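Close look at the chain arrangement
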Amino acid sequence: MGNSDQNNLPLESTPAQLVLELRELIDTARSRVAQTVNAELVMLHWHIGDRIRRDILQEERAGYGEQVVEAVSRILSRDYGRGFGRRNIFNMMRFAEVFPDRDIVQTLSAQLAWSHFLEIIYLKDTLQREFYAEMCRLEHWTVRTLRAKVQGMLYERTAISRKPEVLIQQELEALRNEGTMTPDLVFRDPYLLDFLNLADTYSEQDLELSILREIERFLLELGSDFTFVARQKRMSIGGEDFHLDLLFFHRSLRRLVAIDLKLGKFSAENKGQMELYLRWLDRYERKEWEEAPIGLILCSDKNQEQIELLQLEEGQIRVAEYLTELLPKPILEQKLHQAILRGRSQLR
């Protein structure tokens, strides 16, 4: 009778902590199972694509590849159902072609689903594909976020894209093998702030308040490792008060990041002001384990020759434009393409 009474205990009398722990165990196990299934599926698609490619490459007959894919697709679809259609077989072959290193794919498969790879494999540039794959792995992007980053031309806007290809490859390898994040992988130009929905005319305060109101989207544009610290950071220097617009911390860089907002065009005086902020932060705010603070001046326009002469891109201060309205994509592509060519020509 005692056992019967225990079996009929009302649900609300069950110890809450016990149920909480059991739920965590179940959810964790399910997550691990889903992750394992995902990784196995990604590797299966890679192996299928690699095996078919090797078979086709051995033949030199015109049309042989199409015949193989049609036959394989028909048989696998009959035996295993959906997922092995003609189009997806070609996707698997493309996957194995542009990601030929099995070990790299194995590492990526722990975080990236097949849907992620479908967003990446048809990008034209090898370094571009590697950049999105590694950033997706490290920052745990959803497929939707990855798609938005690609459409927003994140790679082309990131400072690393301005470097010679050899240096880009070295930084991506360090990111993949050691998890080494550099400022050139973090900072971009321009920043897309169209989500602020600013009026035709606005002040620096309007810009700052709009950013704070949309802080989650602003952080998404900055990057996942940024943490908000303060706004209008007060600095007393020689009896005079100064105020930094926005202060962030970047976890991977282990640095404070000072952001100064400018409505108009960048001027050389902005550099001196930012240097003052950075030296104060270095003296009074920096922890022993942190790297030196770094500054970002966000302006509506800038003269590239001034930036080059001031050698800002080689130091602790970055200057970038922000766009409160998106340019038509062809114009943005042309603008970024010219910036990449100019940046690489300077570093040769």
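Residues numbered from 1 in each chain as written. Predicted model: local features only at pLDDT ≥ 70, side-chain atom pairs only at ≥ 80, totals over all residues. Heavy atoms only, no water.

Considering the overall build of the protein chain
Within the protein chain, the regular secondary structure consists of 16 helices and six strands. In terms of C-alpha radius of gyration, the protein chain reaches 26 Å, well past the compact-globule figure of 20 Å for 348 residues. Principal axes of the C-alpha set define a box for the protein chain whose edges measure 80 × 75 × 40 Å. Sorting the 348 residues of the protein chain into buried and exposed places 43% on the buried side. Taking all contacts inside the protein chain whose residues are at least 6 apart in sequence as the whole, residues at least 24 apart take part in 63%. When the accessible surface of the protein chain is summed, it comes to about 20,000 Å², and 49% of that surface belongs to carbon and sulfur atoms. In the protein chain, which carries 47 positive and 56 negative side-chain charges, the distance between the mean positions of the two groups comes to 3 Å. (Helix = DSSP H or I, 4+ residues; strand = E, 2+ residues; numbered from the N terminus. Rg over C-alpha atoms; globule rule 2.2 N^0.38 Å. Buried < 20%, exposed > 50% of the residue type's maximum accessible area, 1.4 Å probe, protein only. Contact = heavy atoms within 4.5 Å. Areas by Shrake-Rupley, 256 points an atom, 1.4 Å probe, with all protein chains shown as cover. Lys, Arg positive; Asp, Glu negative; His and termini not counted. Charge placed at Lys NZ, Arg CZ, Asp CG, Glu CD.)

Looking at empty space enclosed by the protein
With the rule as written, the count across this model stands at one cavity of 30 Å³ or more. As a volume, the largest cavity reaches approximately 40 Å³. Of all the secondary-structure elements, those providing two or more residues to the lining of the largest cavity are α7 (126-139) and α11 (183-186). Class assignment for the residues of the lining of the largest cavity results in five nonpolar, three polar and three charged. (1 Å grid on protein atoms, 1.4 Å probe; cavity = no way out; pocket = protein on both sides within 12 Å on 5 of 7 lines; lining within 4 Å. Points joined across faces, edges and corners; volume = space filled by probe spheres on them. Nonpolar A, V, L, I, M, F, W, Y, C, P; charged D, E, K, R; others polar.)

Considering the sheet that holds strand β6 (residues 317-323)
Neighbouring strands of a sheet are bound in pairs by backbone hydrogen bonds; such pairs are parallel or else antiparallel. Strand order across the open sheet formed by six strands is β1-β6-β5-β4-β3-β2, with mixed pairing between neighbours. The strands lining the two open edges of the sheet, one partner per strand, are β1 (191-192) and β2 (226-237). Sheet topology note: the β2/strand β3 (residues 240-250) ladder contains ten bridges and is antiparallel. Across the sheet, I237 pairs through a bridge with E240, a residue of β3. Sitting on the sheet, helix α12 (residues 204-213) is in contact with β2, β3, β4 (255-261) and β6, with an inclination near 145° to β2. (Pairing = 2+ DSSP bridges. Axes fitted to C-alpha atoms, helices over the stretch in contact; angles between N-to-C directions.)

Concerning the pattern of salt bridges
By the definition in use, this model includes 20 salt bridges. For D50, the salt bridge identified is with R54, shortest N-O distance 3.2 Å. With a gap of four residues between them, D50 and R54 both fall in helix α2 (residues 16-57), about one helical turn apart. Given a relative accessible area of 44%, R54 falls into the partly exposed group. Of the charged contacts in the structure, one is a salt bridge between E285 and K233, with a shortest N-O distance of 3.3 Å. Pair noted here: E285 is in the loop between α14 (268-284) and β5 (294-299) and K233 is in strand β2, with a separation of 52 residues, a long-range link. Here the salt bridges do not stand alone but share partners, grouping K163, E171, D184 and R318 into one network. (Salt bridge = Lys/Arg side-chain N within 4 Å of Asp/Glu carboxyl O.)

A word on the packing of aromatic side chains
The final tally for this structure, using the stated rule, is 13 aromatic pairs. Considering the side-chain rings of F249 and W289, the 5.9 Å spacing of their centres and the 75° angle between planes classify their relative orientation as edge-to-face. Taken as a pair, F249 in strand β3 and W289 in the loop between α14 and β5 lie far apart in primary sequence, 40 residues in all. The exposure class assigned to F249 is buried, which follows from its relative accessible area of 13%. Residue classification places W289 among the partly exposed residues on the basis of a relative accessible area of 49%. For the pair W280 and Y284, a centre-to-centre distance of 5.2 Å together with 45° between the ring planes defines the contact as tilted. Note that W280 and Y284 are positioned in helix α14 at a spacing of four residues, about one turn of the helix. (Phe/Tyr/Trp six-rings, centres within 6.5 Å; stacked < 30°, edge-to-face > 60°.)

A short note on helix α13 (residues 215-222)
The α-helix winds at 3.6 residues per turn, so residues separated by three or four positions along the chain end up facing the same way. For α13, every residue scored as buried is listed here: F218, E221 and L222. Within α13, the buried residues cover an arc of 100° as seen down the axis, which keeps them to one side. Downstream of α13 by a residue or two, G223 has a phi angle that is positive, lying close to 135°. (Arc of directions from axis to C-beta.)

Overview of the nonpolar core
F99, Y132, F218 and I259 are the most contacted members of the largest nonpolar core, which has 65 residues in total. Judged by nonpolar contacts, the second largest core, of 19 residues, contains F266, M274, Y277 and I297. (Core = buried A, V, L, I, M, F, W, Y, C linked by side-chain atoms within 4.5 Å.)

Focus on the packing of helix α3 (residues 64-80) against helix α4 (residues 86-98)
Helix packing for two helices is described by the angle between their axes and how far apart those axes are. Following both chains from N to C, one finds α3 and α4 inclined at 120°, their axes separated by 9 Å at the closest point. Classed by the angle they form, the pair α3 and α4 counts as oblique. Read as a crossing pair, α3 and α4 show a hand that is right-handed. Counting all contacts with α3, which are made through E66, V69, E70, V72, S73 and L76, the residues of α4 involved are R86, I89, F90 and M93. Of the residues that constitute the contact of α3 with α4, the class distribution is six nonpolar, one polar and three charged. (Parallel < 35°, antiparallel > 145°, perpendicular 65-115°, else oblique. Left-handed = near helix turned anticlockwise from the far one by under 90°.)

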